[in-house]
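# Results of the structural survey
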Amino acid sequence: DAQVIYPPLTTVSSSISNSMPSSPYLIVSRLYAYKNVHIAIDAFNKLGHPLIIIGDGPARKHLQRMARRNVTFLGHQNDATIREYYASCRAFIMPQEEDFGLTALEAMSAGKPVLALRRGGALETVREGVTGEFFDDPIPEALADGITRLNDAYHQYQPDKIRLHARQFSSERFRAAMLKLVRS
């Protein structure tokens, strides 16, 4: 048995309404093949919903070639700009398996639901039906189904509850847990 201390999260405040139907979905990620961004692009190409992708990497040119007009690439952005996109997005998309998944929690700290692959760190941070939804297979059809389920249940997501959940991973809690561990 090991004591788990989650990494510190920089929270994002959001005063923007969570009910903006035309708000884009958001991915913040390095653009490598194993991040599965291609799966999200394929799903969004078929659904036609707007998707913004923030990040850069060796797969960017390939991903841009496969994307339709509803998918926008912004490349690398500074932290302040990323916080603005978290605050104004409809939901955050995490198509990859991560050890933890800090970007999903950053989106949650802005009160936004997350659609995540049901693997890895997302299992510890996403609460199905409360802070987001899962999809089970890293394929476009499963991700598209998750988007549909998230949209159907969108009215149930409460930004304040999502933000409260994200506070469990705050830098203040991290600091307190580390101090407690060092003192023991």
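Residues numbered from 1 in each chain as written. Predicted model: local features only at pLDDT ≥ 70, side-chain atom pairs only at ≥ 80, totals over all residues. Heavy atoms only, no water.

### Topic: the overall build of the chain
Across its full length, the chain holds eight helices and six strands. Mapped in sequence order, the helices and strands of the chain form the string β-α-β-α-β-α-β-α-β-α-β-α-α-α. Looking at the chain residue by residue over its 184 residues, the buried ones come to 48%. Counting only contacts in the chain whose residues sit at least 6 apart along the sequence, the fraction spanning at least 24 positions is 62%. Accessible surface computed for the chain: about 9500 Å², of which carbon and sulfur atoms make up 51%. (Helix = DSSP H or I, 4+ residues; strand = E, 2+ residues; numbered from the N terminus. Buried < 20%, exposed > 50% of the residue type's maximum accessible area, 1.4 Å probe, protein only. Contact = heavy atoms within 4.5 Å. Areas by Shrake-Rupley, 256 points an atom, 1.4 Å probe, with all protein chains shown as cover.)

### With respect to the pattern of salt bridges
A side chain with one charge can pair with a side chain of the opposite charge if their charged atoms come near. Per the counting criterion, the structure on display carries eight salt bridges. For E98, the salt bridge identified is with K35, shortest N-O distance 2.5 Å. Remark: K35 occurs in the loop between β1 (25-28) and α1 (37-47) and E98 occurs in the loop between β4 (92-94) and α4 (102-109); sequence separation between them is 63 residues. Linking R163 and D160 is a salt bridge whose minimum nitrogen-to-oxygen distance equals 2.8 Å. Taken together, the residues R163 and D160, both in helix α7 (residues 159-166) and three residues apart, mark about one turn of the helix. One salt-bridge network, held together by shared partners, links R118, E128 and D136. (Salt bridge = Lys/Arg side-chain N within 4 Å of Asp/Glu carboxyl O.)

### Focus on unusual backbone geometry
Phi at N36 takes a positive value of approximately 60°, unusual for a residue other than glycine. Looking at the element boundaries, N36 is found in the loop between β1 and α1.

### Points about the layout of surface pockets
Of the voids in this model, the largest pocket is the one considered here, and its volume is about 440 Å³. Per element, the largest residue contribution to the lining of the largest pocket is four residues, and it comes from helix α3 (residues 79-88). Of the residues contributing to the lining of the largest pocket, the split by class is six nonpolar, eight polar and seven charged. (1 Å grid on protein atoms, 1.4 Å probe; cavity = no way out; pocket = protein on both sides within 12 Å on 5 of 7 lines; lining within 4 Å. Points joined across faces, edges and corners; volume = space filled by probe spheres on them. Nonpolar A, V, L, I, M, F, W, Y, C, P; charged D, E, K, R; others polar.)

### Let's talk about the packing of aromatic side chains
A complete count under the given rule lists five aromatic pairs for this structure. Taken together, a centroid distance of 6.0 Å and an interplanar angle of 35° make the contact between Y32 and Y34 tilted. Since its relative accessible area comes to 36%, Y32 is described here as partly exposed. Taken together, a centroid distance of 6.4 Å and an interplanar angle of 65° make the contact between Y154 and Y157 edge-to-face. Across the pair, exposure class does not vary: Y154 and Y157 are buried alike. Taking NZ or CZ as reference, R90 lies 3.7 Å from the ring centre of Y154, over its face. (Phe/Tyr/Trp six-rings, centres within 6.5 Å; stacked < 30°, edge-to-face > 60°. Lys NZ or Arg CZ within 6 Å of the ring centre and 35° of its normal.)

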